[in-house]
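# Structural characterization, general
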Amino acid sequence: MNFLRGVMGGQSAGPQRSGAETVQKLCDRVASATLLEDRRDAVRALKSLSKKYRLEVGSQAMEHLINVLQMDRSDSEIIGYTLDTLYNLISNDVEEEEPEENVHKPSSEDLAVQYTEIFIKQPENLTLLLSLLEEFDFHVRWPAVKLLTAFLKNLGPQVQQIILVSPMGVSRMMDLLADSREVIRNDGLLLLQQLTKGNAAIQKIVAFESAFERLLDIITEEGMSDGGIVVEDCLLLLLNLMKNNSSNQNFFKEGSYIQRMKTWFEVAEENLNWSAQKVTNLHLMLQLVRVLVSPVNPPGATSTCQKSAFQCGLLQQLCTILMATGVPADILTETINTVSEVIRGSQVNQDYFASVNAPSNPPRPAIVVLLMSMVNERQPFVLRCAVLYCFQCFLYKNQRGQAEIVATLLPTTIDANSISAGQLLCGGLFSADSLSNWCAAVALAHALQDNSVQKEQLLRVQLATSLGNPPVSLLQQCTNILSQGSNVQTRVGLLMLLSTWMTDCPIAVTHFLHNQTNVPFLTAQISENLGEEEQLVQGLCALLLGICIYDNENTLENYTKEKLKQLIEKRIGKEIFIEKLAYISKHELYSRAGQKPQPSYSIPEQMLLDHEFTKLVKELEVQIIKAVQKSSEDEKKEEEVKKSLEQHDSIISQYKELIREQDMQLNELKKQVTALTTQNEQSQTMITQQAAQIQQLKDQYNLLKIQGKPVDSHHHMHNEAAQINGIQPKADMEEIGRLQEELEQLKKQHGILEGQLAEKDLIIDKMQTSQISGNKDTDDCTDNSGEPTAAPHKELETLRTLVQTQAAEISQLQAKKQELENQPAAMTGLGSGDVDRDSSLRRITQLESRVSALDDENQKLKGQVRVLTEEKDSLDQQMTRTSNTVVILQTDKSRLQQEVVESKKEQDDLLVLLADQDQKIFSLKNKLKELGEAIEDEDDMESGDQDDDDYDEDEPN
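All figures in this text were calculated on a predicted structure; none of them were measured in a lab.

What counts, and at which threshold
- Residues numbered from 1 in each chain as written.
- Predicted model: local features only at pLDDT ≥ 70, side-chain atom pairs only at ≥ 80, totals over all residues.
- Heavy atoms only, no water.
- Helix = DSSP H or I, 4+ residues; strand = E, 2+ residues; numbered from the N terminus.
- Buried < 20%, exposed > 50% of the residue type's maximum accessible area, 1.4 Å probe, protein only.
- Contact = heavy atoms within 4.5 Å.
- Areas by Shrake-Rupley, 256 points an atom, 1.4 Å probe, with all protein chains shown as cover.
- Axes fitted to C-alpha atoms, helices over the stretch in contact; angles between N-to-C directions.
- Left-handed = near helix turned anticlockwise from the far one by under 90°.
- Nonpolar A, V, L, I, M, F, W, Y, C, P; charged D, E, K, R; others polar.
- Core = buried A, V, L, I, M, F, W, Y, C linked by side-chain atoms within 4.5 Å.
- Salt bridge = Lys/Arg side-chain N within 4 Å of Asp/Glu carboxyl O.
- Phe/Tyr/Trp six-rings, centres within 6.5 Å; stacked < 30°, edge-to-face > 60°.
- Lys NZ or Arg CZ within 6 Å of the ring centre and 35° of its normal.
- Expected span 1.5 Å × (residues − 1).
- Disulfide = S-S within 2.5 Å.

### Notes on the overall build of the protein
Check the secondary structure of the protein and you find 43 helices and four strands. Expressed as a percentage of the 957 residues in the protein, the buried residues total 45%. For the protein, restricting intrachain contacts to residue pairs at least 6 apart in sequence, the fraction spanning at least 24 positions comes to 73%. Looking at the protein as shown, the accessible area adds up to about 49,100 Å², and 51% of this sits on carbon and sulfur atoms.

This is the structure in structure tokens:
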């Protein structure tokens, strides 16, 4: 204890030890002391020295401190001292007390990183530290939280990877949010903030550990926007979890947490005490909403969040803040940006925003109030940018909103008693403030974006310039201001508006070219050698002139496509024109404007290019270069190729239609073949049944023939008479029953044959119709000799004959049935053997005739089967011819496609030859120039006069 008193500053008799010697003694005591109290006192002494002698303690005691964490975990007091000592070594927050000797030592940050590397070199050390988070003792848990936070600040990615693979590591940190001691819970929030920075995997784990539910509960408990620093920490952690993490955003949305955000923005109007903390909290809350509906998110996820924001009333609440009074400027600006992204591309939200009115007398639409701020040069710059972004988002993919804005400019809808959006835009377009000019021009361009109808409607807008002068069109007024040489920002805005307006609108191009001064102005701007500030203007002038060529319908004789290209070649030069056109995409602000839709500039002078306009330039640049470089011959060839392609397409379409029709006919014939095959099978079945019946009748005939033999003996005749009178009538009754059954079967066959006859009539009608339809079908209905096949007619006659035969047979059988029914009674009344014999012989004769008739019927049915077989073969031949026709048509189609490919290849070869020819001409000109250096000035004068004459001739009227 005397030693410790000496270390802690007490008086000692011996000489003073140095700091390194003292730390060494304490480290030896920690390593060698057997009593826990001695080790605890030594660690406490190291803690007190760790600030002043940070280098010595860290270099000598680190290993001993880690051993204490491993060996003495049962004693919370020594563990607490150890953690505090390590925190003093690792943390940069602790200010070092400089020792007396002033020597060069590593900086605080370097030492913190070095000690962190030493500690996490063995990953089990960090796992040991994570396990200490389970200790409930305040003196252990709180220092452990602070130490882990310091580790993450120093070497975040490395520590994150160790925690990620550590079992239950993230779960132990999430438990800190449920601690009843606020200091641990609040420091746990700071720990989770450091843990979730830039690591999507840990962000997902934290989110699925019910982080959203716990954080929203803490925000509500702390008073939401009126809360303190804890609310800010919760919001920062939520931003870490959801920014650039679509999985967590989707989880947040599906958990119905967006609905709980509505209460955050319920700001009372009478509450004018906006503390700095409340402004910070509300700013972070708005940023959280923007993360969910950001334009960089997947479109489906953004639209779903926008829909939820409208359904739960969040958008309505944001619009209330937007129109409220007393809201700080930065909160109002961020609210405008948030509303912008909530409504961007969502038709329902855009319609609702169009219906919002400001609480003024009389009520004015929110759009009008915002535009008044945008064109007011006294408003803050960031606020005006936010209003412009809001207006752009309102018009994004909203043709209904575009039509409403343009309608406020048309003469029939202007209301002189109220201020409209169109009037404000026109006022800003022609005001003295260049930023108002630019914002109004860009806003009006968004009202025309991808909407050819509104581009044509805007041509009707007339402006009154001054008293006594006739009104001029909006297009003419824009070109007038452009030609007056105003501010660069103003000219850039007007050129962007005109380019957007005239793209894909030939009528607007014609209106522009109708003014004789516009083209000379553009050519003069492009051809001049201006400073670097004017290069963007030159590029936009080249773009506008290129649009006049690309979207030109050649309705004006002086400004056709060909004449404009000749003008560029003579006045400017194609290479210089293309170089000037490239100034736009090479400008330093071009890539910056193309990164995201929101205009983000630090000073007004940087606002030169718009996000949507950069997309238009990227699309038009290639098209304009191709249009300018094409010669008249190339255009004619292209037109010819287009015409030939259109002809080929029409021929191919005709063939496709013919193939489609023949395919339908083929399917129909296949169905007919299937039906005829079924009929054939049924006929075969019927023939088999008839053969069985014939055999049965033959057996009966043989039996009756045996029974009806004449006998000489009287005794034999008596027995035969008795047999006929007693037994034979019974057999005749059975025969009558069988004949009735046969009669019913024949009736059914008669009905079937009549149905088949009707179907054949329909088939013949179809085939006769196809014969009339054209030569192709005529070929299909002819045999190899070219004569129409008679198979359908033969089949019809055969079927008719068969039906008549069946009807006659039915009549005969009915008569026979009647006769046999009357026969038993007549036979029972006969007494003599001669009469019985004659009757039996008559019956036998009748049965023989019936058997003969059935044989005839069998032969006829066989003939019908032959006819059906022939018809099937005929249909198979027709199907084969149809298939051959399809193959021929497909071959023609392939040949035509090959011709199209060869035409395109020839065109490409011609282009290459023309390019080579141009290159040769250019080199020859250069050689002529080199050879002509010695020519007298007189020749130069003559060529100059000739050029002047050419210039006068080419000058448009």
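Now, onward.
### Looking at the environment of A276
Turning to its location among the elements, A276 is positioned in helix α16 (residues 276-292). Counting along the chain gives 48 residues from A276 to G228, while the straight-line C-alpha distance between them is 10.0 Å.

### Thoughts on the packing of helix α7 (residues 123-131) against helix α8 (residues 138-154)
Taken N-terminus to C-terminus, the directions of α7 and α8 make an angle of 145°; their axes are 9 Å apart at the nearest point. The element α7 and its partner α8 pack so that their crossing is left-handed. For the pair formed by α7 and α8, the contact residues are L126, L129 and L130 on the first element and A144, L147, L148 and F151 on the second. Grouping the amino acids of the contact of α7 with α8 by side-chain chemistry returns seven nonpolar, no polar and no charged.

### Digging into the nonpolar core
L126, L129, W264, F265, F353, L474 and L543 are the most contacted members of the largest nonpolar core, which has 209 residues in total. A total of twelve residues in this core trace back to one element, the largest contributor, which is helix α22 (residues 381-395). With near-sequence residues (within four places) excluded, L126 lies in contact with F119, I120, L148, F151, V159, I162 and I163. Counting seven residues, the second largest nonpolar core, distinct from the first, contains L666, L669, V673 and L868.

### Things to note about the pattern of salt bridges
One pass over the full model with this rule turns up 22 salt bridges. Two residues, R260 and E213, come together in a salt bridge whose shortest N-O distance is 3.2 Å. Taken together, the residues span a long stretch of sequence, with R260 in the loop between α15 (246-254) and α16 and E213 in helix α13 (residues 211-221) at a distance of 47 residues. Looking at R260, the relative accessible area reads 28%, which means it is partly exposed. Here E213 falls in the partly exposed class, since its relative accessible area comes to 31%. Salt-bridge contacts for R660 lead to E657; the nearest nitrogen and oxygen are separated by 2.6 Å. Remark: E657 and R660 occur in helix α37 (residues 632-707); sequence separation between them is three residues, near one turn of the helix. The exposure class of R660 is partly exposed, given its relative accessible area of 45%.

### Examining the packing of aromatic side chains
The tally for this structure, following the rule as stated, stands at nine aromatic pairs. Aromatic side chains F138 and W142 sit 5.3 Å apart centroid to centroid with 25° between the ring planes, which places their arrangement in the stacked category. You can see F138 and its partner W142 sitting in helix α8, four residues apart, about one turn around the helix. Counting every residue linked through ring pairs, the aromatic cluster contains F208, F212, F251, F252 and Y257. When the ring centre of Y396 is taken as origin, the NZ or CZ atom of R344, which lies over that ring, is 3.8 Å away.

### Details of helix α25 (residues 434-448)
Along its 15 residues, α25 runs 21 Å from first to last C-alpha, staying within 8% of the 21 Å computed at 1.5 Å per residue. Taking burial as the measure, the 15 residues of α25 include 15 buried ones, the bulk of the element. Positive phi shows up at D450, right after α25, with a value of about 55°.

### Brief notes about the state of the cysteines
Tallied over the entire structure, the rule returns zero disulfides. Residue C439 stays outside any disulfide, its sulfur separated by 6.3 Å from that of C385, the closest cysteine.

### Brief notes about helix α5 (residues 76-90)
Helix length check: α5, at 15 residues, gives a terminal C-alpha distance of 21 Å against a target of 21 Å (1.5 Å per residue), a fit within 8%. A large share of α5 lies buried, amounting to 13 of its 15 residues.

### Here we look at unusual backbone geometry
You will see that S256, though not glycine, has its phi angle at about 60°, which is positive. Residue placement: S256 occurs in the loop between α15 and α16. Exposure remark for S256: the relative accessible area of 40% places this residue in the partly exposed category. You will see that K397, though not glycine, has its phi angle at about 55°, which is positive. Relative to the elements of secondary structure, K397 occurs in the loop between α22 and α23 (399-407). The exposed category is assigned to K397, whose relative accessible area is 64%.

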